[in-house]
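What follows is the residue order along each chain.
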Amino acid sequence: MKIAVGLSGGVDSSVAALLLKEAGHEVIAMFMQNWNDTTGTLHGDCAWEEDKSVAEMVAKKLDIPFHFVDLSDVYRKKVVDYMFEEYKLGRTPNPDVLCNREIKFDAFLKTALNLGADYVATGHYCRKESFLNEKGEEVFRILAGTDPNKDQSYFLCQLTQEQLSKAIFPIGHLLKSEVRRLAAKAGLPSADKKDSQGICFVGKVDLPVFLQQKLSIKEGVVVEVFMDFYSGNALSKYNFIGYDTVELSLLDEISAPYSYDLSSGRVIGMHQGAHFYTIGQRKGLNIGGHVESIFVISTDVDKNIIYVGEGQSHPGLYRKGLFINENEIHWIRPDLKMATGEIRDYLVRIRYRQPLQKVRIYKTENGLYIVFDEPQRGITPGQFAVWYADEEMLGSGVIS
RNA sequence: UGACCUAUGGUGUAAUGGUAGCACUUCAGAUUUUGGUUCUGUCAGUCCAGGUUCGAAUCCUGGUAGGUCAA
């Protein structure tokens, strides 16, 4: 079996290659270059060149062939342009989810297959399993990584059965500490390399600066919304009921964001563009003088207004439910797809590393309503809600 | 134009005449393969000019600025 490993120069993909090699597979290393523009990036201009040389050293150490592929064009088109577009619309994208769907398990996968590989392996912390259905077809499952602290299944929430059929995750059953130890034991040059952070392949960026390449600065007002806005507000009362006591007729109301306007509060400052901010954000507002920090509770890119509230427990920060449009629902397990009218209890996370939350999901003809048992902080349009049954990731969708 | 009140880091506020402190913000680190969150650390101040006092943010005089009430 010939397996192409996406070797990034980090410790995880290095150990993935190591394990496959030790298992006796024919392994080839492939290093992707996806980004070479350092505009707006913080520290380290040409980080990828160093990563490449580490990856090359790892390949040499493991005695496997090393290939270099440049996917910058497709990355820019499928990931970076999507980012700009989403921010422009006032949503908060997740580039790394797209990077996996469009690059690692699409453009890169195809390149690998063209090089004669049967499978593609990555250093993600998640596990793949499969079983045969009654028709004798193989159905693939993604399970959370065994290391509870590193589970990266979330970033793979948009993969298809087709993509999964070609994927291998060699380190999903290991703890990070074990991966480090294996790397050290094998003498891999990446053993002590620091974990990567920030946008995958781009790195840590000063986001407002990065976005200013395409989005212009536009001064607008910051409006503080106070507690009294919520008293008597129908929405806030749902926060105190469990997910299993919701009436179907209330789903729309529960899952819709609060809507604010200038009369909802008081202008307390100015900002440089509503599209540079996201819900739940605390830093970068430049407004002091409050007893507690103020957080963004809503943005309006059309009117260019940012709404904020004081304190971690501000009601505007919490919502009981969310909605996913019919055309933005993705099932990793199409065989488990919900029919209109169906109701199921699952576990959901709305961001990477968030503990799974108890929910009840309602499928209607318009889309999917997710009602949480506990109100959730910072439900943000554009981000992905991902549903699980125990350890298995079943599907995902873009929050409206 | 008459009377009164107030003036402390970028912001909001503490300090019986005795080392100007806290919170927020900013910035920097740590955590995090998205945004964001969280944690730690840091910078920064007594409106101006005189006076009283061993010693003034504090008391006195004048100035400046803002506010309130009278008109």
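Residues numbered from 1 in each chain as written. Chains lettered and ligands numbered in written order. Predicted model: local features only at pLDDT ≥ 70, side-chain atom pairs only at ≥ 80, totals over all residues. Heavy atoms only, no water.

> Describe helix H3 (residues 72–88), with residues and values.
When the terminal C-alpha atoms of H3 are compared, their 22 Å separation across 17 residues agrees well with the 24 Å that a helix rising 1.5 Å per residue should span. At Val80, H3 shows its largest kink, close to 30°. For H3, the set of buried residues is Ser72, Tyr75, Val79, Val80, Tyr82, Met83, Phe84, Glu86 and Tyr87. Each element contacted by the buried residues of H3 is listed here: strand E2 (26–33), strand E3 (66–70), helix H4 (95–114), helix H7 (207–211) and strand E17 (384–389). Note on H3: the residue one or two positions beyond its end, Gly90, has a positive phi of about 85°. (Helix = DSSP H or I, 4+ residues; strand = E, 2+ residues; numbered from the N terminus. Expected span 1.5 Å × (residues − 1). Bend = angle between axes of the 7 residues up to and from the residue. Buried < 20%, exposed > 50% of the residue type's maximum accessible area, 1.4 Å probe, protein only. Contact = heavy atoms within 4.5 Å.)

> With reference to specific residues and values, describe the nonpolar core.
Ranked by size, the top nonpolar core spans 60 residues in total, and within it Tyr75, Leu156, Phe210, Ile306, Phe384 and Met393 carry the most contacts. If you tally residues by element for this core, the top one is H4, at nine residues. Counting residues in hydrophobic clusters, the runner-up holds 27 residues, among them Val15, Val27, Ala59 and Ile168. (Core = buried A, V, L, I, M, F, W, Y, C linked by side-chain atoms within 4.5 Å.)

> Lay out the sheet that holds strand E1 (residues 2–6) in plain terms, naming residues and giving numbers.
If you trace the five strands from one edge of the open sheet to the other, you get E3-E2-E1-E4-E7, paired in parallel fashion. Lying at the two open borders of the sheet, with one neighbouring strand each, are E3 and strand E7 (167–168). Note: E1 against E2, five bridges, orientation parallel. Residue pairing for E2: Val5 is matched across the bridge by Ala29. Relative to the sheet, H4 contacts E1, E2, E3, strand E4 (119–121) and E7, its axis offset from that of E2 by approximately 125°. (Pairing = 2+ DSSP bridges. Axes fitted to C-alpha atoms, helices over the stretch in contact; angles between N-to-C directions.)

> Describe the side chain of Arg127, listing the residues and the values that go with them.
Topologically, Arg127 is positioned in strand E5 (residues 126–132). One polar contact links Arg127 to Glu391, side chain to side chain, over a distance of 2.7 Å. Setting aside chain neighbours within four positions, we find Arg127 in contact with Arg141, Ile142, Leu143, Ala144, Gly145, Thr146, Phe169, Gly172, His173 and Glu391. (Polar contact = N/O pair within 3.5 Å; in protein donor to acceptor, adjacent residues only side chain to side chain.)

> Before we move on, could you go through helix H6 (residues 176–185) and cite the residues and values that matter?
Among the residues making up H6, those that are buried are Lys176, Val179 and Ala183. Along the axis of H6, the buried residues cluster in a sector spanning 60°; they form a single face. With respect to the buried face of H6, the exposed residues turned more than 90 degrees away are Arg181 and Lys185. The secondary structure elements touched by the buried residues of H6 are helix H1 (11–22). Looking one or two residues beyond H6, the residue adopting positive phi is Gly187, at roughly 70°. (Arc of directions from axis to C-beta.)

> Residue-level account of the protein's contact with RNA strand B, with values.
Around RNA strand B sit 38 residues, and of these His124, Gln197, Gly198, Val291 and Tyr352 come closest. Taking all atoms of RNA strand B within 4 Å of the protein, the share assigned to sugar and phosphate is 66%. Taking Lys104, its side chain carries an N or O atom lying 3.3 Å from a base oxygen of RNA strand B. One nitrogen or oxygen atom from the side chain of Gln383 is found 2.7 Å from a base nitrogen belonging to RNA strand B. In terms of residue class, the surface near RNA strand B is made up of ten nonpolar, 18 polar and ten charged. (Near = heavy atom within 4 Å. Nonpolar A, V, L, I, M, F, W, Y, C, P; charged D, E, K, R; others polar.)

> Explain the sheet that holds strand E9 (residues 265–271) residue by residue, including any values.
Strand order across the open sheet formed by four strands is E9-E8-E11-E10, with mixed pairing between neighbours. Of all the strands in the sheet, the pair left with one neighbour each is E9 and strand E10 (294–300). Each neighbouring strand pair of the sheet contributes to a mean axis angle of 30°, computed without reference to strand direction. Across six bridges, strand E8 (residues 220–225) lies against E9 in antiparallel orientation. Within E9, the residue paired with Val225 across the bridge is Gly265.

> Break down unusual backbone geometry for me, with residues and values.
You will see that Asp63, though not glycine, has its phi angle at about 60°, which is positive. In this fold, Asp63 is placed in the loop between helix H2 (47–62) and E3. Among the residues examined, Asp63 registers a relative accessible area of 60% and is labelled exposed. The residue Arg353 is not glycine, and still its phi comes out positive at about 70°.

> Before we move on, could you go through the pattern of salt bridges and cite the residues and values that matter?
In this structure the tally under the stated criterion is 19 salt bridges. A salt bridge links Asp12 to Lys176, with the nearest nitrogen and oxygen atoms 3.0 Å apart. Taken together, the residues Asp12 in helix H1 and Lys176 in helix H6 connect sequence positions 164 residues apart. Each member of the pair Asp12 and Lys176 is classed as buried. One salt bridge in this structure joins Arg333 and Glu392, with 2.8 Å as the shortest N-O distance. Residue Arg333 is found in the loop between strand E13 (329–331) and strand E14 (343–349), and its partner Glu392 is found in strand E18 (residues 392–398); the two are separated by 59 residues along the sequence. A single network of salt bridges, built from pairs that share partners, joins Asp12, Lys150, Lys176, Arg180 and Asp195. (Salt bridge = Lys/Arg side-chain N within 4 Å of Asp/Glu carboxyl O.)

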